[in-house]
Amino acid sequence: MERDTILLIDNDNESVGLIRSIFQKEYKIVDFANGKDAVAYLAKGYKHIALIVLEKELTDLDGAVILKVLDKKGITKIIPVLATAASRDSHLIAECYENGAADFARKPLIPAIIKGRIDNLIELYQDKVELELRVNQQMSMIKNQNLTNALYQASLDSRRINFKEKTRKKRY
């Protein structure tokens, strides 16, 4: 399945509008102004999502709580989360990273910077997923090759044993 959606979890209409205007030609944009609706949406499936932009300071749920849930379910391993907030508090930023955010952007969002960050995160995570898939395929091939080699070796050993038994019988 193609990852063709950017999920915005933000109650700031200005930020949502900015990201929508930048990416609406390339991606489907799904946005929620509160965390509860976003979590319910994610529970239905997330394989189509390329990136999540998450406001840390939501009105109904703390973005850190959502990040913890996403991280615990392993979602942050396959989908990058860009956390955002207007705060300059370094503890808040550190908390986002500790809870699984791939990056952090301060508000107000600057169009060129947010575009670059989102493009880079999506590309990095897509490359990561593809690389992991290739490594797993190669590991499977190596295991199959090792099994084939082991079976071949066992067959040779069996032939050697049979040959030795036949030559012993002929001697006596």
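These numbers were taken from a predicted model, which means no experiment stands behind them.

Q: Help me out: how do you make sense of helix 3 (residues 63-72) in this one?
A: The α-helix winds at 3.6 residues per turn, so residues separated by three or four positions along the chain end up facing the same way. Of the positions making up helix 3, those classed as buried are G63, A64, I66, L67 and L70. One side of helix 3 carries all its buried residues, which in axial view fall inside an arc of 155°. Elements in contact with the buried residues of helix 3: strand 1 (5-9), helix 2 (35-43), strand 3 (49-55), helix 4 (75-78), strand 4 (81-85) and helix 5 (90-98). Phi turns positive, to about 80°, at G74, one or two residues after helix 3.

Q: Hey, could you run me through empty space enclosed by the protein in this one?
A: One way to see where empty space is left: roll a probe the size of a water molecule over the atoms. Within this structure, the stated rule accounts for 1 cavity of 30 Å³ or more. Considering only enclosed or pocket space, the largest cavity measures out at about 30 Å³ in volume. It is helix 6 (residues 111-171) that provides the largest number of residues to the lining of the largest cavity, a total of 4 residues. Taken together, the residues of the lining of the largest cavity break down into 6 nonpolar, 1 polar and 1 charged.

Q: Teacher, can you tell me more about helix 2 here?
A: Among the residues of helix 2, G35, A38, Y41 and L42 are the ones counted as buried. Seen along its axis, helix 2 keeps its buried residues to an arc of 120°; they face one direction. Exposed side of helix 2, more than 90 degrees from the buried face: K36 and A43 are the residues found there. Contacts from the buried residues of helix 2 go to strand 1, strand 2 (28-32), strand 3 and helix 3. Put simply, N34 is the residue that caps the front of helix 2, since its side-chain oxygen is 3.2 Å from the backbone nitrogen of K36. Positive phi shows up at G45, right after helix 2, with a value of about 145°.

Q: Could you clarify how one ought to interpret the pairing of strand 2 in this entry?
A: The side chains of a regular strand alternate between the sheet's two faces. Where strand 1 lies against strand 2, 5 bridges are found, and the strand directions are parallel. Residue pairing in the sheet places I6 in a bridge with I29 of strand 2. Since strand 1 and strand 2 lie parallel, the crossover through helix 1 (residues 13-23) that links them has a hand, and here it is right-handed.

Q: I tried to follow the packing of aromatic side chains on my own but got confused; where do I start?
A: Both the distance between ring centres and the angle between the ring planes are used here to describe each pair of aromatic rings. Throughout the structure, instances matching the rule amount to 2 aromatic pairs. Their ring planes at 50° and their centres at 5.3 Å tell us that F32 and Y41 sit as a pair that is tilted. No difference in accessibility class separates F32 from Y41, as the two residues are buried.

Q: What's the story with a nonpolar patch on the surface in this structure? I'm lost.
A: A cluster of nonpolar side chains, contributed by L131, V135, M139 and I142, occupies part of the molecular surface with about 350 Å² of accessible area. Locating I142 in the fold gives a position in helix 6.

Q: Even after reading the chapter, I still don't get the pattern of salt bridges, so can you show me in this structure?
A: Any two side chains of opposite charge can pair, given that their charged atoms come close. All chains considered together, the criterion is met by 10 salt bridges. When the shortest N-O distance is used, the salt bridge between K28 and D4 registers 3.3 Å. Of this pair, K28 sits in strand 2 while D4 sits in the segment before strand 1; the two residues are 24 residues apart in sequence, bridging distant segments of the chain. Look at the salt bridges and you will find they share partners, linking D10, D12, E55 and K107 into a network.

Cut-off values and rules
- Residues numbered from 1 in each chain as written.
- Predicted model: local features only at pLDDT ≥ 70, side-chain atom pairs only at ≥ 80, totals over all residues.
- Heavy atoms only, no water.
- Buried < 20%, exposed > 50% of the residue type's maximum accessible area, 1.4 Å probe, protein only.
- Helix = DSSP H or I, 4+ residues; strand = E, 2+ residues; numbered from the N terminus.
- Arc of directions from axis to C-beta.
- Contact = heavy atoms within 4.5 Å.
- 1 Å grid on protein atoms, 1.4 Å probe; cavity = no way out; pocket = protein on both sides within 12 Å on 5 of 7 lines; lining within 4 Å.
- Points joined across faces, edges and corners; volume = space filled by probe spheres on them.
- Nonpolar A, V, L, I, M, F, W, Y, C, P; charged D, E, K, R; others polar.
- Polar contact = N/O pair within 3.5 Å; in protein donor to acceptor, adjacent residues only side chain to side chain.
- Pairing = 2+ DSSP bridges.
- Right-handed = clockwise from strand over helix to strand, strands pointing away.
- Phe/Tyr/Trp six-rings, centres within 6.5 Å; stacked < 30°, edge-to-face > 60°.
- Patch = residues over 30% accessible without salt bridge, like charges linked within 9 Å, V, L, I, M, F, W, Y side chains within 5 Å.
- Areas by Shrake-Rupley, 256 points an atom, 1.4 Å probe, with all protein chains shown as cover.
- Salt bridge = Lys/Arg side-chain N within 4 Å of Asp/Glu carboxyl O.

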